[in-house]
Amino acid sequence: MTTTRFQILVCDGPSCGLCLDSEALLEHIQARVAASPRLEGRVHAINLTCFGRCDEGPNMLVRAVAEGEDPEIEPEIDAIVGARGLYLGMDRARVDRVLDEHCETGEPIEEWVESY
Ligand code: FES
């Protein structure tokens, strides 16, 4: 069990947002977080425009929130380039596993995770 605060960035560019309904995925994450005492207040999910991997979407990036950082604000691109925490081709089942594993233990799911 980790106490790390996480920010989950869900892309909502034209491809993942309009064609693949990533907004529904974001709402699912937010509902799951709100319903979990272990995640609520520690995990924050917001939109990010695009990871440039639209063909593999919808995608999301899980990253630790830095001390003093507001997790409700989209980070500068420099803060996330190279970050290990990118998950591609997300659906509700995959999101649930990331919440249950990565966000609970602090350890990425090695067989799924990539660096951005
Ligand atoms: S909109 Fe999802 S990767 Fe581009």
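Residues numbered from 1 in each chain as written. Predicted model: local features only at pLDDT ≥ 70, side-chain atom pairs only at ≥ 80, totals over all residues. Heavy atoms only, no water.

As named in an unreviewed UniProt entry, the chain is Ferredoxin, 2Fe-2S, taken from Enhygromyxa salina.

Asker: Go over the overall build of the chain with me, naming the residues and quoting the values.
Answerer: For the chain, the helix and strand inventory stands at 4 helices and 5 strands. Its helices and strands taken in sequence order, the chain reads β-α-α-β-β-β-α-α-β from the N to the C terminus. Taken against the 2.2 N^0.38 rule, which gives 13 Å for 116 residues, the C-alpha radius of gyration of the chain at 13 Å falls within 12% of a compact globule. Oriented by its inertia axes, the alpha-carbon framework of the chain measures out at about 35 × 30 × 25 Å. When each of the 116 residues of the chain is scored for burial, the buried share is 44%. (Helix = DSSP H or I, 4+ residues; strand = E, 2+ residues; numbered from the N terminus. Rg over C-alpha atoms; globule rule 2.2 N^0.38 Å. Buried < 20%, exposed > 50% of the residue type's maximum accessible area, 1.4 Å probe, protein only.)

Asker: Outline the side chain of threonine 2, listing residues and values.
Answerer: Relative to the helices and strands, threonine 2 is located in the segment before β1 (6-11). Apart from residues no more than four positions distant in its own chain, threonine 2 is found in contact with Arg42, Cys103, Glu104, Thr105 and Gly106. (Contact = heavy atoms within 4.5 Å.)

Asker: Break down the nonpolar core for me, with residues and values.
Answerer: Formed by 20 residues in total, the largest nonpolar core has its most connected members in Ile8, Ile29, Met60 and Leu99. Of all the elements in the fold, those that place two or more residues in this core are β1, α2 (22-34), β2 (43-48), β3 (60-64) and α3 (92-100). For this core, the leading source of residues is α2, giving 4 residues. Among the nonpolar cores identified, the runner-up in size contains 11 residues, and Cys11, Cys16, Phe51 and Leu61 belong to it. (Core = buried A, V, L, I, M, F, W, Y, C linked by side-chain atoms within 4.5 Å.)

Asker: Provide a residue-level description of the pairing of strand β4 (residues 84-87), including the pertinent values.
Answerer: Each regular strand shows side chains that alternate between the opposite faces of the sheet. In this sheet, β4 lies alongside β3 in antiparallel orientation, the contact comprising 2 bridges. Opposite methionine 60, over in β4, you have tyrosine 87 as the bridge partner. With 2 bridges connecting them, β4 and strand β5 (residues 114-115) associate as antiparallel partners. Bridge assignment links arginine 84 to a residue of β5, and that residue is serine 115. (Pairing = 2+ DSSP bridges.)

Asker: Just give me the short version of the packing of aromatic side chains, but keep the residues and values in it.
Answerer: Per the counting criterion, the structure on display carries 1 aromatic pair. Between the aromatic rings of phenylalanine 51 and tyrosine 116, the centroid separation amounts to 5.3 Å while the plane-to-plane angle is 80 degrees, which identifies the pairing as edge-to-face. Of this pair, phenylalanine 51 sits in the loop between β2 and β3 while tyrosine 116 sits in the segment after β5, placing them 65 residues apart in sequence. On the accessibility criterion, phenylalanine 51 (6% relative accessible area) is buried. Judged by its relative accessible area of 24%, tyrosine 116 falls in the partly exposed class. For the cation-ring pair, arginine 94 lies above tryptophan 112, with the distance from its terminal atom to the ring centre recorded as 4.1 Å. The side chain of arginine 97 reaches across the aromatic face of tryptophan 112, ending 4.6 Å from its centre. (Phe/Tyr/Trp six-rings, centres within 6.5 Å; stacked < 30°, edge-to-face > 60°. Lys NZ or Arg CZ within 6 Å of the ring centre and 35° of its normal.)

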